Amino acid sequence: MLLILIILFFNSPEPANISYNAFLEEVRSGHIEEVHIHGSRVEARDVRGHKYIFYKPNNPDFIPFLRRYLVKIYLEGEPRGIPFWGWILLGGVLVGVLFLIFNRRPVSFPSQFFSFVRSRARLIRPEEVKVSFQDVAGVEEAKEELREVVEFLKDPHKFTRLGGRMPKGILLVGPPGTGKTLLARAIAGEAGVPFFSISGSDFVEVFVGVGAARVRDLFVQAKKYCPCIIFIDEIDAVGRHRMAAAGGGHEEREQTLNQLLVEMDGFESQDGIVVIAATNRPDILDPALLRPGRFDRRVEVPPPDLRGREAILRVHARRIPLAPDVDLAVVAKSTPGFTGADLANLLNEAALLAARQGKDRVDMEDIERAKDKILLGRERKGIIITEEEKQLAAYHEAGHALIAYLLPGVDPIYKVSIIPRSRTLGVLQQLPIDERHVYPRDYLIKKIMILLGGRVAEEYVFGQASTGAGDDLEKAVEIARKMVCEWGMSDNLGPLVFPSGDYLGHIARGCFDMRGYSEETARKIDKEVENIVRKCYEKDRELLGKHIKYLHILAETLLEEETLDGETLKKLLSDLEPLKNGVFPG
Ligand code: ADP
Ligand code: MG
Ligand code: ZN
C-alpha cells in the first residue's frame, strides 16, 4: 500500500488541458495574463481566469517569447512530491498497520512495546505444581533418568564432587500424547525448584529479533532463580534444522535458534539450571542443538506397552468409581497402540457415557463403548442404510473374518460388527496376544490377505466390487510398499531400502531430491508392490472360493446379530479347520 501511495504521489502528472500550439496562439493574441513555472510544470492563466496546465517545452526561446507578449512570469520551485493530505493518509495507514499487529494480543497499550521482547515463560513455583512422578506411569526408563536430574537439582555438589558434569539439557523425545509435558511438570513438582515453562512457538514472531530477545530474557530471568528448570515444550518450532527454511532463509527462526545455542553455552551446569525440551520430531532438529554441552541427554518416551497401559489406566482410574466387573488388565490388553493421552481420554469418555445413563459406576460395557467410539467413530443410530448396503457390509466383514480365522499365526479376532459408525459401515477388530516389536514377513503377507478379504468376498457374492473396500486397499498397498521399500522384503529387488519422500524430513535437511533411486528402480518397485498385492488377492479368492459355505454362515449370522465376538465366531466355524503354516504366497 505504501509503495502504491508513493508511486501515485511522485508520479502523478496532471494532464495538459491545452495543446501547445493552441497555447502559443493564445499568447500571441494577448489572452494570456500570467504564467507560473514550477520546475517543469507550467500553469498559465488567461484574462478570463481560465487555467491552462502543460509541461515546459525544452526550448530556450520559450521565456523570451512570453516576455515579448508581456506575459507576467512567475518562477517557482519544484512542486512538493506529497501534498499535506497525502502525509496524513500515509500516517493513518502506518498507524493502522501497527494497530493490527499489536492488537492481536490483549495487551494494554502503554506496556506493549516493552513486554514484546519479554519471554513468555510462565514461572511456576514448586508449591503450585501438583503433579508428581506417581502420576506418570508406563515410562519407567524415562522416569529413572529424570530422577537423577531431580537429585542433582536438590544437591548439585553430590554429583560434581569428582569433577563430573551434569547434562545441561535433556531432550524428551516421543510421539504425541505419551506424557512428555506431564513428565516435565512432574520433575518440577519433585525437584521443588522454580520451573519456567514455555512453548517453542512462543518465541516465534513476525518481527526479526524478537524471538532472540525473548530467549535472552528467559535466561536472564532463570539465572535469578537458580537452581531452576527451564522447560521448552515443542522445541521443534524454533530448533528446526537451519537449512530447513526452503526457499529463502527464515531469518527470524535462525536468530532465535542461534541465541538459544549461545545461551546454552553461556551458563554452567553448576549454576543449577537444567533445560528440558520436548519434541515429537527429533529428526528435524538442528544438529547443533544435540551436540554435547547442549541437549546432550536424550530421553525416549515411547508409547506404553501392555504393562505400561495398565499402569496408566490405574493412574487415571483413581478419580473414577469403577464397577467390580471392570478389569483394567483386560482393557489394557484390548488397547494396543493407545498412548497415555488416548487412555486418559478412554476413561473420560466412559465416565461421561456412564453418567449420561445415570449410572453411579463405570462398568465394562461403558469402557467398551467408549473404545469403539474412539477407534471407529460414534455409532450412527439415525442413519438409514438399505438392506443391500447392510448385506454388502455383512459379506465384506465376513470376508475379513473368515480369512483371519483361516490363517494361522495372526492376531486373534476380538470382534466383528456391522453397526454403522461415522467412519465405517462395519469392522473387524483383532487383538494381538502379546505385543510385537518386530514383524516377520509372513505376518505382513497375512495382514494384507485379511485386508483384501472384504473386497474378495464382495466380488464373489455380488459379482462386482464396491467403494466400501477403498480403505482396506489403501492399507494393503501401503504395507506392500513398505515391505519392498523399507524392509527389503522383495525377492526381485533384494535386501535394499529405497527411502521414499518423507517430505518434511527431506526439506528439513535441505535436500530437495526426494528420491534416491532411478526411474527404472521406481518402476520395479511398483511392479513388486503389485505382485505382492496380486498374489495375496489370488490366494484369498482361492480360500474364500473353497469355503464359501462358511462365508454365507458368517454373513447371515452377522445380519441377524450385528456383532459377533471372537468366541461366538469360533463356535460358528467349529467344523472348519484353520490352515497349517507354510502355504502363503509371495
Ligand atoms: P505429550 O506432551 O507427550 O504430547 P502430554 O504430557 O501432554 O503428552 O499428555 C497428555 C495427557 O495424557 C496428560 O495430561 C495425561 O493425562 C495423559 N498421559 C499421557 N501420558 C501419560 C502417562 N505416561 N501416564 C499418565 N498419564 C498420561
Ligand atoms: Mg506436550
Ligand atoms: Zn474392510
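Residues numbered from 1 in each chain as written. Chains lettered and ligands numbered in written order. Predicted model: local features only at pLDDT ≥ 70, side-chain atom pairs only at ≥ 80, totals over all residues. Heavy atoms only, no water.

**Overview of the site of ligand 1**
The environment of ligand 1 is made up of 14 residues, and the closest members are Ala137, Gly177, Lys180, Thr181 and His316. Ala137 has a polar backbone atom sitting 2.7 Å from a nitrogen atom of ligand 1. Ala341 places a main-chain nitrogen or oxygen 3.5 Å from an oxygen atom of ligand 1. Within the complex, 79% of the 560 Å² of free accessible area of ligand 1 lies under protein. Elements supplying a minimum of two residues to the shell around ligand 1: helix 8 (180-191), helix 13 (306-317) and helix 15 (340-356). Examining the composition of the shell around ligand 1, we find that three residues originate from one element, helix 8, more than from any other. When the residues that make up the shell around ligand 1 are grouped by side-chain class, the tally is six nonpolar, six polar and two charged. Composition of the shell around ligand 1 by domain shows at least three residues from each of domain 2 (122-300) and domain 3 (306-376). (Near = heavy atom within 4 Å. Polar contact = N/O pair within 3.5 Å; in protein donor to acceptor, adjacent residues only side chain to side chain. Areas by Shrake-Rupley, 256 points an atom, 1.4 Å probe, with all protein chains shown as cover. Helix = DSSP H or I, 4+ residues; strand = E, 2+ residues; numbered from the N terminus. Nonpolar A, V, L, I, M, F, W, Y, C, P; charged D, E, K, R; others polar. Domains from an automatic or database assignment.)

**Some thoughts on the nonpolar core**
Judged by nonpolar contacts, the single largest core of 54 residues is most densely connected at Leu402 and Ile448. The contacts of Ile448, once residues within four sequence positions are left out, are Ala476, Ile479, Ala480, Met483, Ile532 and Cys536. Formed by 30 residues, the second largest nonpolar core is a distinct cluster that contains Ala142, Leu172, Phe195 and Val274. (Core = buried A, V, L, I, M, F, W, Y, C linked by side-chain atoms within 4.5 Å. Buried < 20%, exposed > 50% of the residue type's maximum accessible area, 1.4 Å probe, protein only. Contact = heavy atoms within 4.5 Å.)

**Remarks on helix 6 (residues 140-154)**
Given a rise of 1.5 Å per residue, 15 residues ought to cover 21 Å, and the 21 Å separating the end C-alpha atoms of helix 6 matches this to within 8%. The set of residues buried in helix 6 consists of Ala142, Lys143, Leu146, Val149, Val150, Phe152 and Leu153. In this structure, the buried residues of helix 6 make contact with helix 7 (156-160), strand 6 (169-173), helix 8, strand 8 (228-233), strand 9 (273-279) and strand 10 (297-300). (Expected span 1.5 Å × (residues − 1).)

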